[in-house]
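Now for the letters of each chain:
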Amino acid sequence: MRATSGAPRDRSASPPRRRTSRTAPPSSGHASFHAGFHDWFASRDWEPFPFQEEVWQAGAAGTSGLLHAPTGTGKTLAAWFGAIARTQAVDADTTAPPAGLRVVWITPLRALAADTVRALEEPLRGPHAVARGWTVGTRTGDTSAADRRRLRENWPTTLVTTPESLSILLSLDDAHEIFAGLEAVVVDEWHELLSTKRGVQTELALARLRGLRPGLVSWGLSATLSNLDDAVAALVGPARAGEARIVSARIPRQLEIETLIPEPMERFPWAGHMGMRLLPQVIAAIDKATTTLVFTNTRSQAERWFEAISAARPDWKKQLALHHGSVDRDLRTQAEEGLRRGKLKCVVATSSLDLGVDFGPVEQVLQIGSPKGIGRLLQRAGRSGHAPGAVGRLVCVPTHALELIECAAARQSVEAGVVEARRPLTAALDCLAQHVVTVACSGGFREAELRAEVMSTHAFADLDDASWQWAIDFAARGGPALAAYPDYARIVERFGRWYVASKAIARRHRMNIGTIASDATVEVKWLRGGRLGTVEESFMSRLNEGDRFLFAGKPLSLFRFDGLTAWVKRARGPATLRVPRWNGGRMPLSTLLSTAVLELVQRAAEPGAGRRVPREVNAVLPLLATQARWSRLPDPDTLLIERWQGRDGHHTFVFPFAGRLVHEGLAALVAWRIASRRPSTLMLAANDWGFEVSGRDPVAADERAWRQLFSPVNLLDDLLACLNGTEMARRHFREIARVAGLVSGGRRSDRQTQASAGLIFDVLAEHDAENMLLAQARREVVEQQFEFRRLHDALERIATQEIRILETSRLTPLAFPIWAEFIQSRLTTQGWLERITDMARELEAAAGT
């Protein structure tokens, strides 16, 4: 089915928009350099879009803003030429080439820096160059020490960098001189940073740059946002948001989105097992296209699918590649280069290829499993169809029957132009503490001036006196509990100005600037040399020498593990291979998509639904009919609760349709509240549609009892209690402590870092219980584990719904997949597989034809 969408992509030159009879540039006060931009487009037989011209004119006039445009329409050229126009407008009285650093281009991934440089340099070359004397350089974590020295000797006109590297530059003694001529900043893929601590770090860096250069022009680029006002306020600051320009390009992007539908269709689905059933159809789809990107939602899934495709088509061996964040950088670069040159038939990837320069040869994208979010579907669909005249194409490959409905809901949302919001993060005090020391390293600050600068950001617009004084005290002495230790005295006050305490502390601070959390990892290397990538230490520590596992698309045998490096050989012969599991793989259904799924389920209950629902939903109508016959179908106004007694106890299934993480939180909350009233041993399971609580005795029987269990009163305290929240907060405190500067990071000291952070947590908990970082750790634990705000919203919605409690004589089609999750968590591989398949056959027989 064809969907018209305004969605993600970019960073390449503009796609060809063939010239029409209108060739003259629009009249403006900056017509001379606008004419140069038009000449460059004309040299390629292209014509700029109106939104590109609007950004050029706004940039030249000194106006900041946000550009929201569909993937593949040339956002990069719009912002790049706008930044050039701004600099040329400022330099209008001189013919000399621009001197020093004039433009900073922020990219969310350092791996994209080289491609971004190529894209920015292209219009600077040749007879139709849009600017003379301009140079482009990079400064990221991959930049060598020698290159960093060369940069400082001769800054390029434009610097491509990351939020972390920009913060490091702002911490240098001569930051005022480095940025003295800066005219424009462009933040690429702003939606990727917006709701994270890296976004907070970027906001603080932009505020610092505006403090150094009050007339600075800032532009953000995005294609998958709905809350544009929030996004622009976070970019330029709330006080400047009213003056900022939001440019939305109303250019439809043609996308074809379809779903593979398996036959026969199951009525009792369970997660994951159907995906490989569709392997022949996946192989056929790949065979028809020149180049295909296969996206999975997890790295483990990427490893399995790469192995399956390789085994099915060994003749494609040299035309296949694997790409995910744990694979070695050189191997990922080879895959990207193969895509760019059209030498690869297929690349299996995770979100590691969601962003970046678009690859022209990619004809289609395959999405393994539900996309889980509308924006993610758009982002991935937008990676295809960038050859002239091509249409973007995405094929969904469901891993179980219910994902057919999720895929249909995502596609219809794309057609309707609906996409999720990204809410900016606020009150991240660890980021504030880090920034205070960063500014102290760079010539120091006056407290009132820095506070005003910090409060100009969206992230800290509501910063109160207590929080600000805590941040200063924390940077000055580590707070009351750590005041006796000199290492925590990182800033000192002299004559009304705060400075970094010593050069040694400044060096240590710069080495630890950043907010990216990381799990303890170990390197995987060939025994005879060569690096494959990294896996989590927890996985490797469970292996013995000689154990076999799959990684980087290769069957490996562990030869030796010394705690830091796993030395491996290629495994020979057939055998079962373990697949590493990485944290961060839990991807819940978004709120917007959950709502769309529930609406489709409701439509399926209407008479004659087969003629009015999407073909994906039509394929699962027998499943939904069985659900309606044995229980009922959920709807937006009703919370469905099913109770079933099996041979192993009483099972209660609840269907809030709020996403996996929220359901895990609700299950834990319900179980803890039940157990707090009477001693109980309860087992829990959850998926994106609902959750299960099971035990030897029945759970709450009436509506009044469920209303009490779902009360939002004391929600945070109860969640922390049922989580063993203190211990989880203690573990999570490591990342907060690292960002705030209490401990140092580094791969070699992961375990030592955790131990140090745990000791500090204990000291603060005992001697400084009101420390704001402790409260932040607790908040972030429940937000990361259970999406706390979304969970709270779910409880408020449940309070308005009718609760229907139904006794069922057997597992229903919606309860079965949750029960299957429960069985998988309790039994060995062979045991759970046999139990689930036996139950599925029994239920299919009961359902009849």
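Residues numbered from 1 in each chain as written. Predicted model: local features only at pLDDT ≥ 70, side-chain atom pairs only at ≥ 80, totals over all residues. Heavy atoms only, no water.

S.K.: I'd like to hear about the layout of surface pockets, residue by residue, with values.
M.R.: Counted as a void, the second largest pocket has a volume near 1000 Å³. Among the secondary structure elements, those contributing two or more residues to the lining of the second largest pocket are α13 (299–312), β11 (320–323), α14 (329–340), β19 (548–551) and β20 (554–561). Of the residues forming the lining of the second largest pocket, the biggest block, 6 residues, is contributed by α13. Its residues assigned to classes, the lining of the second largest pocket shows 19 nonpolar, 6 polar and 11 charged. (1 Å grid on protein atoms, 1.4 Å probe; cavity = no way out; pocket = protein on both sides within 12 Å on 5 of 7 lines; lining within 4 Å. Points joined across faces, edges and corners; volume = space filled by probe spheres on them. Helix = DSSP H or I, 4+ residues; strand = E, 2+ residues; numbered from the N terminus. Nonpolar A, V, L, I, M, F, W, Y, C, P; charged D, E, K, R; others polar.)

S.K.: Break down the side chain of Arg-267 for me, citing the residues and quoting the values.
M.R.: Relative to the helices and strands, Arg-267 resides in the loop between β9 (253–259) and α12 (279–288). At a separation of 2.3 Å, a polar atom in the side chain of Arg-267 contacts the main-chain carbonyl oxygen of Gly-848. (Polar contact = N/O pair within 3.5 Å; in protein donor to acceptor, adjacent residues only side chain to side chain.)

S.K.: Provide a residue-level description of the pattern of salt bridges, including the pertinent values.
M.R.: Scanning the model with the defined rule gives 47 salt bridges in all. The shortest N-O distance in the salt bridge between Arg-313 and Asp-287 comes to 3.7 Å. Of the two residues, Arg-313 is situated in the loop between α13 and β11 and Asp-287 in helix α12; the sequence distance between them amounts to 26 residues. Its relative accessible area of 41% is what places Asp-287 among the partly exposed residues. Between Glu-703 and Arg-707 there is a salt bridge whose closest N-O contact spans 2.9 Å. Here Glu-703 and its partner Arg-707 are both found in helix α26 (residues 703–709), 4 residues apart, which amounts to about one turn of the helix. Look at the salt bridges and you will find they share partners, linking Asp-115, Arg-118, Glu-337, Arg-340 and Arg-341 into a network. (Salt bridge = Lys/Arg side-chain N within 4 Å of Asp/Glu carboxyl O. Buried < 20%, exposed > 50% of the residue type's maximum accessible area, 1.4 Å probe, protein only.)

S.K.: Describe the packing of aromatic side chains, naming the residues involved and giving the relevant values.
M.R.: If you walk through the whole model with that rule in mind, you get 21 aromatic pairs. Ring centres of Trp-40 and Phe-41 lie 5.6 Å apart, and the angle between their planes is 80°; this geometry places the pair in the edge-to-face category. For the pair shown, Trp-40 and Phe-41 are each scored as buried. Where Trp-80 meets Trp-134, the ring centres are 5.7 Å apart and the plane angle is 80°; that geometry is what we call edge-to-face. Remark: Trp-134 occurs in the loop between α4 (113–121) and β4 (136–139) and Trp-80 occurs in helix α3 (residues 75–90); sequence separation between them is 54 residues. Trp-134 carries the same exposure label as Trp-80, and that label is buried. A network of ring pairs unites the aromatic residues Phe-37, Trp-40, Phe-41, Trp-46, Trp-56 and Phe-81 as a single cluster. (Phe/Tyr/Trp six-rings, centres within 6.5 Å; stacked < 30°, edge-to-face > 60°.)

S.K.: Let's hear about unusual backbone geometry: which residues, and what values?
M.R.: Backbone phi values are negative for most residues with the exception of glycine, while trans is the configuration of most peptide bonds. The omega torsion of the bond from Glu-263 to Pro-264 falls at -5°, within 30 degrees of zero and hence cis. Note that Pro-264 resides in the loop between β9 and α12. Even without being glycine, Asn-714 reaches a positive phi, approximately 60°. The topology assignment puts Asn-714 in the loop between α26 and α27 (715–722). With a relative accessible area of 49%, Asn-714 lands in the partly exposed category.

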